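This is what each chain is made of:
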Amino acid sequence: MSTNVVLTIVVGALFAAGVYLILERSLTRVLVGILLIGNGVNILFLVASGPAGKAPLLGSNAADEISDPLPQALVLTAIVITLGVSAFVLAMAYRSWQLNQHDDVQDDVEDALIRRLAEMDEASASYDRSAGGTLDEEGSDVPDVTSSQPDGSGDRGTS
Amino acid sequence: MTMLALIAAHIVAAVAAPALVRALDRRAFAVLAVIPAGAFVWALSQTNSVTGERGGAVEEHRTWIDSVGLDLSFRLSALSWLMTLVVTGVGALVLVFCAYYFRPGANGTKRFAGVLTAFAGAMLGLVLADDLILLYVFWELTTVLSYLLIGHNPERRANRRAAMQALIVTTAGGLAMLVGVVMLGQISGTYRISAILAAPPSGTAVTVAVMLLLAGAVSKSALVPFHFWLPGAMAAPTPVSAYLHAAAMVKAGVYLVALLAPAFADVTPWRPTLMSLGVATMILGGLRALRQNDLKLLLAYGTVSQLGFLMVLTGAGTQVAALAGLAMLLAHALFKAALFLLVGVIDRCTGTRDIRRLNGVWSRMPVAFAAAVLAAGSMAGLPPLAAFVAKETAYEAFVNGEAGMPAAASWATLAGLVIGSALTVAYSARFLWGGFARKDGMHAAGEPAGECKTPAVGFVAPSVLLALAGLAVGFAGAVETRLLRPYIELFPSHGHSSSLSLWHGFNLALGLSVLSLIIGLMLFHRRVAVERVQHRLAPRLDAEAGYRAMMRNLDRLAVSITGATQRGSLPVYIAVILIVVITVPGTALLAVNYSWSALHWWDTPAQAVVSAVIVIAAIGAARSRRRLKAVILTGVVGYGAALLFVLHGAPDLALTQILVETITLVIFVLVLRKLPTYFSDRPLTASRWWRMAVGVLVGLVMATLTFAAASSRTEAPVSEGYPGPAVSYGGGENVVNVALVDIRVWDTMGEISVLVVAATGVASLIFLITGRSGRWRTSLDTSQVPRFRTTDQPTRTRWLATSQVMAPDRRSLVVEVVTRLLFHTILIFSIYLLFTGHNNPGGGFAGGLVAGLALTVRYVAGGRRELNAAAPVDAGLVLGIGLFIATGSGLIPLMFGGEVLQSVLIDLDLPLIGHVHFVTSLFFDVGVYLVVIGLVLDMLRSLGGGIDSDYENDDASDAGRSDDADADDEPAGPRPAEPEPYLPGAGA
């Protein structure tokens, strides 16, 4: 099947510009990037679906002259979904601006904390650091095991 | 189905236990004890059929999950008969003990009662199971339940840590065991244990499988190097220690070894492993026990020591050793459970278990002391008690050197057993002395105050019973030998046979018994010196420290890996994905055989022109530092794409694209009016080239992919078959629309669901989940809002519903007039698009978007109150009704025997209207139409009205703080607190 060169170039250009933008931190630019890539994908479908033809309206055009209708149905779905995605990302950008006065995606603070732990040669927060004391304490059957009033004193040994 | 019923009874009792405890408080334990006691009686009733000369087995078999060959197979043989008696008998006594041990109304007793009863059931299942997988299930059930029991008081860190440690160690062994189970089952072709034992397979794989099974047994029975979890588990309440850590769970490993020994004791690594680990554990446990001041820990290390002993005996694989092993197993369960329960009594009655504080307890509770003497005497191997008989036979087994191993190894094992026994004697004496004796130098004033002067009868009775049973068994050696014969005879005789007896005459075994007794008593006598030596020799590094180091290193490794891979930066993550796209699919594209001849520049020259515009606009959008400019250039790209759709012959796409692009622009502007004009300026020079490179490479890959996809088609398109059926079945001439609402209707169904989710997400983000209805409804009632009365604005010229409440300087007469004229026209056009869509460009999507544009116009002209007047409904309601209609139209064909979402052509001749032809898929399209309207309404209300009212509220509070409110904007009369009656400037 013959390939439409001009449209292929358009696909490449839209992807290049879109990728350049989604590697940004500003959510608005990321969204613009997503929209460009979305258009690129739609045109990719167009190219891959074959040559141009007449509109797939059987009332006015013959069945063997029309362009491929199936990719059109898929792309139509994609276009409307993109609208929903845009609205959602915009709402996120607004919310981010409302909270932080900017719409940049920040680095995850928790990940930075973990990285710092690794640099300091520390175990994670969930690791039980206590060496366990003596076995005497470990084995002790403290009274609150059987009392009806928890005194909340936690680690208390009787020995 | 008796065995299954017994296990089920435990489970039912466990479920009922919390309610029972609520009703009866701690007395409920005594009621629960009936269940294991019943199982005990049942096992006794089976004595004649499974033991003695007849020595058969009671079997039950029931298919459970046939497809994986998992059966509920149970089998009561002589070995499991003994284990059942131990597990159920001790279980019942421990439950009775619990009724006295816990204080009335104690915390957590409800859960404890349930878990302990369930544990008894799991343990019963473990010893009765005749299917490897079933055995494993019960095995791990006991692990999990023991985790809950050890962690009975989760508020104490020691409990949590001990529970977790026991869980990790035993589960690690259990997982190794599972691998062994599967290997053995697959090699044997059956998972029935009795079948495997009857015809044991052999080979390297079997050796590996058996060693993996041993790993499970060794970790469960707390052998070196896994022994440390058992003393840690003493954090559990004392009844748990008595049951799990003396009689039942830790014996599971011994039971498994005893079960497999007849078939696999001759596997090469079996004996060396078990003999060396067993002897090492026996000696190490004995030494550590001598160092303890806590009675419970002393017993715990004693248990470790005895488990090593039991492993040596059951693993040796000869008739005499097996007989000694089972006798020892019974004796140990009797004396160790009794001793643990006595520690519980001492603990409750004196308030301590520390032998440095206990003084003269024997005179306070003489009955308990008598029971302790019997039990500890048995532990030490004194005649005429149960353990003495077992130990005599044990020595005899190794004296004869017939244990299928070299004589030297046999003698070495024997020497280890004698040393271990001597240590056992020493710590038994230490227990009695420490727990009960009157010690010189300790005055009575230092005696801690306990709760009870003398323990209740029922509190001591279980231990007394167990101790007396130990005495009785000592005299019943001949009976025991006869009962256990079916198991013993599974081993080759090697020409030796023995029987349990108090008196075998003067022989080496008796001499060794006396020897270990003397050494043990000497060790006890010189205990001060022994302690000093022990303190000097105490290892700085023990197994538990090793375990902790391992766990910490594991945690550190996780931290390092997480820190190295999770950079927490979104651009980095996306870049990683994209670079993979470039390298993997990009490389694969190089291998495609491209048909370079099949290229054409364009279908029509107009494509080239439009393409040039698109590419320039895209580059401009990427370079732009101004938000609005970037958005408008993106709009240019979108409209350009619409033109390409037209040129391609896709009018539906073009229509939808233009409508979506317009609405996108509107919502962009609605949000961007609040965001800064320029993107945040940061030094980007370094990363910019890098991002550009990734972008260009991805673009290149995608262009190549497009070429490859277009040029590699060999089959005719699927859609070539669409046009005919579209008309005859779908009843429509617009093939794209028929595809959407009929041929590929499931896609559309999924899509409108996504739209509903997206709309909900948008509303949640703006209204912060307070609901999309709450806020606009309060402001919907315009009568509450003060009117603007200005002289140059006659009130009767109302072009919009809410123009009275708009600030005059915000109004535009031209926009109002145009809106008034266009709104209903647009709506009618949208409905036309909806109905004509099946044959001509249009349909639910396009119609809904057009209707959404009509609402957008109303909003732009008159603000959010105007929007509310135009669509006085909740957006969620519209979305919901739309989804409901779409789903309903899909389900209705089912009622007429059709398929989901099948469409039917209907022709009706109605009076006055005439001939009506329609397709039922129209209803689906109506659902789509409503969902799209709901989405647009939601976006306008959230990103338009929601943001407006955010700012009005901010302005109102600002104005309230500073007194510089503009007097011209001030309405007549008192200022309303909420909400402000005008829109802020769109460009603010």
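All of these numbers come straight from a predicted model, not from anything done at the bench.

This next bit is on the nonpolar core. Met328, Leu330, Leu334, Ala337, Ala338 and Leu339 of chain B are the most contacted members of the largest nonpolar core, which has 214 residues in total. The greatest single-element share of this core, amounting to 24 residues, is contributed by helix α16 (residues 319-350) of chain B. Those residues in contact with Ala338 of chain B, other than ones at most four positions away along the chain, are Ala371, Ala375, Ser463, Leu466 and Ala467 of chain B. Counting residues in each nonpolar core, the second largest holds 145 residues, with Leu7, Leu14 and Ile37 of chain A together with Val666 of chain B among its members.

That bond from Val224 of chain B to Pro225 of chain B is cis: its omega, 5°, falls within 30 degrees of zero. Mapped onto the elements, Pro225 of chain B comes out in the loop between α10 (204-220) and α11 (229-232). Between Pro383 of chain B and Pro384 of chain B the backbone carries a cis peptide bond, its omega angle lying at 5°. Among the structural elements, Pro384 of chain B can be located in the loop between α18 (366-380) and α19 (386-399). Residue Asp121 of chain A is not a glycine yet carries a positive backbone phi of 60°. Checked against the element boundaries, Asp121 of chain A lands in the loop between α4 (109-119) and α5 (135-139). Owing to 9 C-beta atoms within 10 Å, Asp121 of chain A belongs among the exposed residues under this scheme. Of note, the phi angle at Asp25 of chain B is positive, near 60°, even though the residue is not glycine.

One frequent convention defines the size of an interface as the accessible area lost when the parts assemble. Residues and elements named next belong to chain B. The assigned domain composition of chain B is domain 1 (606-679) and domain 2 (732-789 + 797-961). Contacts between the two partners involve 13 residues from domain 1, matched on the other side by 17 residues from domain 2. Along the lines of polarity and charge, the residues of the side of domain 1 that touches domain 2 split into nine nonpolar, two polar and two charged.

Below, the discussion takes up the environment of Ser67 of chain B. Residues and elements named next belong to chain B. Within the fold, Ser67 resides in the loop between β1 (58-65) and β2 (70-76). The exposure class assigned to Ser67 is exposed, which follows from the 5 C-beta atoms found within 10 Å. As a C-alpha pair, Ser67 and Val576 span 509 residues in sequence and 43 Å in three-dimensional space.

A word on the UniProt feature "transmembrane region" (unreviewed entry) in chain A. Residue and element names in this part refer to chain A. The sites that carry the UniProt feature "transmembrane region" (unreviewed entry) are, in the present numbering, residues 6-23, 30-53 and 73-94. Helix makes up 94% of residues 6-23 and strand makes up 0%, while its end C-alpha atoms are separated by 26 Å. The distance from the first to the last C-alpha atom of residues 73-94 is 32 Å, and the span holds 100% helix and 0% strand.

Listed per partner, the contact involves 135 residues of chain B and 110 residues of chain A. By residue number, the principal contributor to the side of chain B that touches chain A is helix α30 (residues 685-711) of chain B, which donates 15 residues. When grouped by side-chain class, the residues that make up the side of chain B that touches chain A number 76 nonpolar, 36 polar and 23 charged.

Here we come to the packing of α16 of chain B against helix α21 (residues 457-475) of chain B. Residue and element names in this part refer to chain B. Remark: α16 packs on α21, axes separated minimally by 8 Å, with the N-to-C direction vectors making an angle of 155°. Here α21 runs roughly antiparallel to α16, going by the angle between their axes. α21 is crossed by α16, and the crossing has left-handed handedness. Counting all contacts with α16, which are made through Leu330, Ala331, Leu334, Phe335, Ala337, Ala338, Leu341, Leu342 and Val345, the residues of α21 involved are Phe459, Val460, Pro462, Ser463, Leu466, Ala467, Ala469, Gly470 and Val473.

Rules of the game
Residues numbered from 1 in each chain as written. Chains lettered and ligands numbered in written order. Predicted model: local features only at pLDDT ≥ 70, side-chain atom pairs only at ≥ 80, totals over all residues. Core = buried A, V, L, I, M, F, W, Y, C linked by C-beta atoms within 7 Å. Buried ≥ 20, exposed ≤ 12 C-beta atoms within 10 Å, placed from the backbone. Helix = DSSP H or I, 4+ residues; strand = E, 2+ residues; numbered from the N terminus. Contact = placed C-beta atoms within 7 Å. Domains from an automatic or database assignment. Nonpolar A, V, L, I, M, F, W, Y, C, P; charged D, E, K, R; others polar. UniProt positions renumbered as here; feature names shortened; annotations may be inferred. Axes fitted to C-alpha atoms, helices over the stretch in contact; angles between N-to-C directions. Parallel < 35°, antiparallel > 145°, perpendicular 65-115°, else oblique. Left-handed = near helix turned anticlockwise from the far one by under 90°.

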